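Understanding the architecture of this molecule
Listed below, chain by chain, are the residues.
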Amino acid sequence: MTEKKEHRYCPYCDVEITEANLPLCQACGIEIFYCPRCRKPLPRDKRVCPSCGADIRQEAAKGGVN
């Protein structure tokens, strides 16, 4: 069984992020913020994750990272 690689894209410039754990987009140099629940990249001004619907501030208060 092959493992399916999930592609992640910078929410600012739409360039693929090659390392999900890097804090910066390699293309535009902006620090990437990740959803504390699903770990998908999103703009810092979002209050709700468009991928999983998590309330960003609530998840971060529970101990999420970033």
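Structure report, in brief. Sequence order as written defines the numbering, with residues in each chain counted from 1. Only residues with pLDDT of 70 or above have their local features reported here, since the model is predicted, and side-chain atom pairs are shown and tallied only from 80 upward, although totals for entire chains, interfaces and linings are computed over all residues. By convention in this description, side-chain values take in all heavy atoms of the structure and omit both hydrogens and water.

Our next topic: the overall build of the chain. Regarding its fold elements, the chain presents one helix and four strands. N-terminal to C-terminal, the α/β element order of the chain is β-β-β-β-α. Working definition: with a 1.4 Å probe on protein chains only, accessible area under 20% of the residue-type maximum means buried, over 50% means exposed, and in between means partly exposed. By residue count, 24% of the 66 residues in the chain fall in the buried class. The contact criterion used is simple: two residues touch if any of their non-hydrogen atoms lie within 4.5 Å. Contacts in the chain between residues far apart in sequence, at least 24 positions, make up 22% of those at least 6 positions apart. Only the protein chains shown count as cover for residues, with accessible areas throughout obtained via the Shrake-Rupley method and a probe of 1.4 Å. Surface exposure of the chain reaches about 4,900 Å², of which carbon and sulfur atoms provide 48%. What counts as a helix is a DSSP run of H or I of at least four residues, what counts as a strand is a run of E of at least two, and both are numbered from the N terminus.

The nonpolar core is taken to be a set of buried Ala, Val, Leu, Ile, Met, Phe, Trp, Tyr and Cys residues, with the residues joined through side-chain atoms within 4.5 Å. Grouped together as the largest cluster of nonpolar side chains are six residues: F33, C35, L42, C49, A54 and I56. When residues no more than four places from it in sequence are discounted, the contact partners of A54 are C35, R37, R47, V48, C49 and E59. Judged by nonpolar contacts, the second largest core, of five residues, contains C10, C25, I32 and Y34.

Time to look at the pattern of salt bridges. The salt bridge definition used is simple: a Lys or Arg side-chain nitrogen within 4 Å of an Asp or Glu carboxyl oxygen. Scanning all chains against the criterion turns up one salt bridge. Linking E31 and R44 is a salt bridge whose minimum nitrogen-to-oxygen distance equals 3.5 Å. Of this pair, E31 sits in the loop between β2 (16–17) and β3 (33–34) while R44 sits in the loop between β4 (41–42) and α1 (56–61), and the two are 13 residues apart along the sequence. What makes E31 partly exposed here is its relative accessible area of 41%. Assessed through its relative accessible area of 46%, R44 is described here as partly exposed.

Located in the positive-phi region is D14, a residue other than glycine, with phi close to 65 degrees. As for its position among the elements, D14 is in the loop between β1 (8–9) and β2. Unlike most non-glycine residues, R39 shows phi in positive territory, near 65 degrees. Take R39: it is sitting in the loop between β3 and β4. By relative accessible area, which is 29% here, R39 ends up partly exposed.

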